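Overview (structure and organization)
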Amino acid sequence: MIAHVPVLCAETVALLRPDRGGLFVDCTVGLGGHARALLEAGATRVLGLDRDHTALARARITLEPCRDRVTLVHADYRDLDGVLRAQGIDALDGALADLGVSSLQLDANDRGFSFQRDEPLDMRMDTKTGNTAAQRLATVPEDELADVIFRFGEERFSRRIARRIVEARAEQPIDTTGRLAAIVRRAIPRQGRSRIDAATRTFQALRIWVNRELEGLDAFLATVARRLRAGARFAVITFHSLEDRIVKHTFRALAHGDTRLVTVLTKKPIVAGPDEIARNPRARSAKLRVAERLSS
Ligand SMILES: C[S@@+](CC[C@H](N)C(=O)[O-])C[C@H]1O[C@@H](n2cnc3c(N)ncnc32)[C@H](O)[C@@H]1O
């Protein structure tokens, strides 16, 4: 079984204060690492959401010892209000969103998230919904593709990459990660390359596009803030600057608007120390921001 190490776990648990008890929502339960830590530290109950069926199956195993205190739901966190209504839950004692992909998704060899191996180009977190990356790449207009790669990958060679993809798909469908990575690497001039793999930014962009990862993130953060009890906290972990920017700005807006809902506890985001990064390289880009609900 693939080992999964929850990122910034001690910091997240300390800030969420599960030792006070109560109901915590893990909006991205993944493999259940953070959820288990919250339960072991005193959370009375955890409601865990994920849009990936495979992740929920793994979370069920991780959380087996505490199964009486756990409810797992297959859902997109943007539907949180509906999930809470269906569960008869009014207010939360804490919430967590650890955004992005899990190690389970990255390391599986049939999901298409990784350019390190040659596998089908799927990239959907929910494999039962929507079009795969391969299906989308087959028809997307070149301009739109260039825009996606530029916006979601912050890739300065987006136009060249989009042109090469459109040329290549006319010869043969692009339906594996290996073929896509090779096309992208060839599109980027040598002097434009950094130490990271030339395909990294394009893969990130396509993943965000396929899963609509940034869409509605601000509204979701506001929903959680509104559902917290006074004094309850919301922790959000991000892995790239596009997401972190949205979290930072939304928290700021919720803290300063006409109806001040929260106070932000992390003026600067919390990042992993060298020990954690040495143990878990994925932690390198993680940023944790925490907000606390004010009494209304
Ligand atoms: C970084 S992992 C979470 C890992 C988890 N904290 C743990 O300790 O195992 C992110 C998870 O969020 C899920 N996810 C991403 N976007 C989602 C969304 N919009 N709704 C629900 N789950 C989502 C992914 O499927 C993935 O399993």
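Residues numbered from 1 in each chain as written. Predicted model: local features only at pLDDT ≥ 70, side-chain atom pairs only at ≥ 80, totals over all residues. Heavy atoms only, no water.

Right, let's get into helix α8 (residues 158–171). With 14 residues, α8 extends 20 Å from end C-alpha to end C-alpha; this agrees with the ideal 20 Å at 1.5 Å per step. Among all positions in α8, only S158, I161, A162, I165, V166 and A168 are buried. The buried residues of α8 occupy an angular sector of 170° when projected down its axis, which confines them to one face. Looking at α8, the residues exposed on the side facing more than 90 degrees away from the buried face are R159, A170 and E171. Where α8 is buried, its residues contact α6 (133–139), α7 (142–153), α9 (177–187) and α10 (200–211). (Helix = DSSP H or I, 4+ residues; strand = E, 2+ residues; numbered from the N terminus. Expected span 1.5 Å × (residues − 1). Buried < 20%, exposed > 50% of the residue type's maximum accessible area, 1.4 Å probe, protein only. Arc of directions from axis to C-beta. Contact = heavy atoms within 4.5 Å.)

Now for the domain arrangement of the chain. Annotation of the chain at the domain level lists domain 1 (9–100 + 214–293) and domain 2 (124–211). Computed over C-alpha atoms, the centres of domain 1 and domain 2 are 30 Å apart. The interface of domain 1 with domain 2 comprises 11 residues on the first partner and 10 residues on the second. At the boundary of domain 1 with domain 2, total buried surface from both sides reaches about 910 Å², with 50% on carbon and sulfur atoms. Of all residues in domain 1, R51, H240 and L242 give up the largest surface area on contact with domain 2, accounting jointly for 50% of the area buried on that side. The interface formed by domain 1 and domain 2 holds 1 salt bridge in total. With its nearest N and O atoms 3.4 Å apart, the salt bridge here joins R245 to E154. Our count for the contact surface shared by domain 1 and domain 2 stands at 3 residue pairs in polar contact (both at pLDDT 80 or more). If one sorts the elements of the side of domain 1 that touches domain 2 by residue count, helix α12 (residues 241–256) sits on top with 3 residues. (Domains from an automatic or database assignment. Buried area = accessible area lost by both parts, 1.4 Å probe. Salt bridge = Lys/Arg side-chain N within 4 Å of Asp/Glu carboxyl O. Polar contact = N/O pair within 3.5 Å; in protein donor to acceptor, adjacent residues only side chain to side chain.)

This part takes up the pairing of strand β2 (residues 45–50). Most of β2 is tucked away: 5 of the 6 residues are buried. Once you follow strand β1 (residues 23–26) into helix α2 (residues 33–40) and on to β2, the crossover reads as right-handed. Pairing of β2 with strand β3 (residues 70–74), which is carried by 5 bridges, proceeds in the parallel orientation. Across the sheet, D50 pairs through a bridge with H74, a residue of β3. Running through helix α3 (residues 53–62), the crossover from β2 to the neighbouring parallel element β3 is right-handed. (Right-handed = clockwise from strand over helix to strand, strands pointing away. Pairing = 2+ DSSP bridges.)

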